[in-house]
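Chains, contacts and geometry: an overview
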Amino acid sequence: MIVPAKRITIIGMGLIGGSLGLALRAAQGANIRITGVDVSEDSLNTARLLGAADDITTDSKAAVKDADIVFLCTPVLQAAALAKEIAPYLKQGAIVTDTCSTKSYLMQQIAFLLPAGIHYIPGHPMAGREKSGIEAADAALFDNKWYILTPKQTADKRAVALVRQVINLTGARITVMEAGQHDVCTALISHVPHIGAAALVNLLAYSEDQDSSIKLAGGGFRDTTRIASSNADMWADICMTNAAPIVDSLDKFNQLITQITQAIREGDRARVHNFFTTAKKRRDGLLQLELSASEQPLSNGH
Ligand SMILES: NC(=O)C1=CN([C@@H]2O[C@H](COP(=O)(O)OP(=O)(O)OC[C@H]3O[C@@H](n4cnc5c(N)ncnc54)[C@H](O)[C@@H]3O)[C@@H](O)[C@H]2O)C=CC1
Ligand SMILES: O=C(O)C(=O)Cc1ccc(O)cc1
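Residues numbered from 1 in each chain as written. Chains lettered and ligands numbered in written order. Predicted model: local features only at pLDDT ≥ 70, side-chain atom pairs only at ≥ 80, totals over all residues. Heavy atoms only, no water.

1. Brief notes about the site of ligand 1
Formally: Whether a residue is near a molecule or strand is decided by its heavy atoms; if any one of them lies within 4 Å of it, the residue is near. Counted as a polar contact is a pair of N or O atoms within 3.5 Å, where, for protein atoms, one must be capable of donating a hydrogen and the other of accepting one, and residues adjacent in sequence contribute only when both atoms are in side chains. Surface accessibility follows the Shrake-Rupley procedure with a 1.4 Å probe radius. Residue values consider only the protein chains on display as shielding. Numbering of helices and strands runs from the N terminus; a helix is a DSSP stretch of H or I covering at least four residues, while a strand is a stretch of E covering at least two. Three classes are used: nonpolar for Ala, Val, Leu, Ile, Met, Phe, Trp, Tyr, Cys and Pro, charged for Asp, Glu, Lys and Arg, and polar for all others, with Gly counted as polar. For every domain, the bounds stem from an assignment made automatically or drawn from a database.
Among the 27 residues in the neighbourhood of ligand 1, the closest are listed as Ile16, Asp38, Thr74, Ser101 and Gly133. Thr99 places a polar side-chain atom, nitrogen or oxygen, 3.2 Å from an oxygen atom of ligand 1. Relative to its unbound accessible surface of 830 Å², ligand 1 loses 87% to contact with the protein. Take the shell around ligand 1: its biggest share by element is three residues, from helix H4 (residues 76-86). Class assignment for the residues of the shell around ligand 1 results in 14 nonpolar, eleven polar and two charged. Mapping the shell around ligand 1 onto the domain boundaries places at least three of its residues in each of domain 1 (7-177) and domain 2 (182-293).

Next up, the structure:
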């Protein structure tokens, strides 16, 4: 399908921005013109070499002047600052969207920045990896993954439809959610697991025999800590912009850790056994759900 958005500007040509550029290019060929923006000239040169952007520049203001759609693909706090910077340079009818991992904060920040006639349609691909930068970009990153949109109820319907059309080109599955619900869900299934993985790795610092511990670390340690290799800049911003849902989930996580600590300390095998049985049942059930999820819509019907 040929989309009516001809000029797309991607600000932040890293893992997500680069993957988006590659996916759109693969789907649309020469029908669209992609302008890539980044603070890193090396990243921009690589982006053009890979085919993720036609034009490249470090000047975000100039890059958005003719854009039909602008994707903000930087860490959250940078995206908020960029929205402010580019606002006066956007053309009438332009759409601003983003790929950031937290939504309520950005919506509050951006709501009053954009002039009338310019539409903000927030987005978040539930696709990624622990590597960052354009070198890790992949045209198939979004394939069959959820891509969440959190537009306000009052958002322009044609703008939402156009963003959907463009996202569809990446092979992602689109779902629409309220921003607060998005932030609570992602705190539980993404943000707290990333904090947990980082904590497990940092736990090694307490080891009296670090070298042997690291040497012995097997598949289990690798599996549970892969995402601890993620970008610190990005994760610091996520924690700063989704604090209440993250703290709420962390409090509950701490309760669970306290409970299992007590049970082990007291030698209560039945309680310890129950802790693992409950988790195994849930996890095995999740795998079953995942198998059928590719056929099922989310509970909100999207
Ligand atoms: N890494 C992941 O797995 C996922 C990340 N996200 C979100 O997408 C966004 C981008 O993440 P990644 O692509 O992983 O990060 P990344 O670190 O790979 O890329 C970010 C790019 O933005 C550039 N940048 C930073 N500040 C800038 C500025 N002021 N102006 C222009 N360029 C600037 C950086 O130089 C870098 O090339 C983040 O908000 C993140 O929360 C969403 C889904 C998955
Ligand atoms: O590497 C992984 O498995 C991830 O979970 C990547 C990821 C990171 C941040 C997001 O907002 C969404 C996905």
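Now that the structure has been shown, the text picks up again.
2. Regarding the site of ligand 2
For ligand 2, the full set of nearby residues is Ser101, His124, Gly128, Arg129, Glu130, His194, Arg226, Ile227, Met234 and Trp235. His124 is positioned with one of its side-chain polar atoms (N or O) 2.6 Å from an oxygen atom of ligand 2. A distance of 2.7 Å separates an oxygen atom of ligand 2 from a polar atom in the side chain of Arg226. Considering only residue class, the shell around ligand 2 consists of three nonpolar, four polar and three charged. Two domains share the shell around ligand 2, each providing at least three of its residues, namely domain 1 (7-177) and domain 2 (182-293).

3. Section: the pattern of salt bridges
Condition: We define a salt bridge as a contact between a side-chain nitrogen of Lys or Arg and a carboxyl oxygen of Asp or Glu at a distance within 4 Å. For every residue, the accessible area obtained with a 1.4 Å probe (protein chains only) is divided by the maximum for its type, and the residue is called buried under 20%, exposed over 50%, and partly exposed between those limits.
Scanning the model with the defined rule gives ten salt bridges in all. Notably, a salt bridge pairs Lys131 with Glu130, separated by 3.9 Å at the nearest N-O pair. For Glu130, a relative accessible area of 17% puts it in the buried group. The partner of Arg271 in a salt bridge is Glu266, and the shortest N-O contact between them spans 3.2 Å. With relative accessibility at 53%, the residue Glu266 sits in the exposed group. Taken together, the shared-partner salt bridges in this structure form one network comprising Glu130, Lys131 and Arg226.

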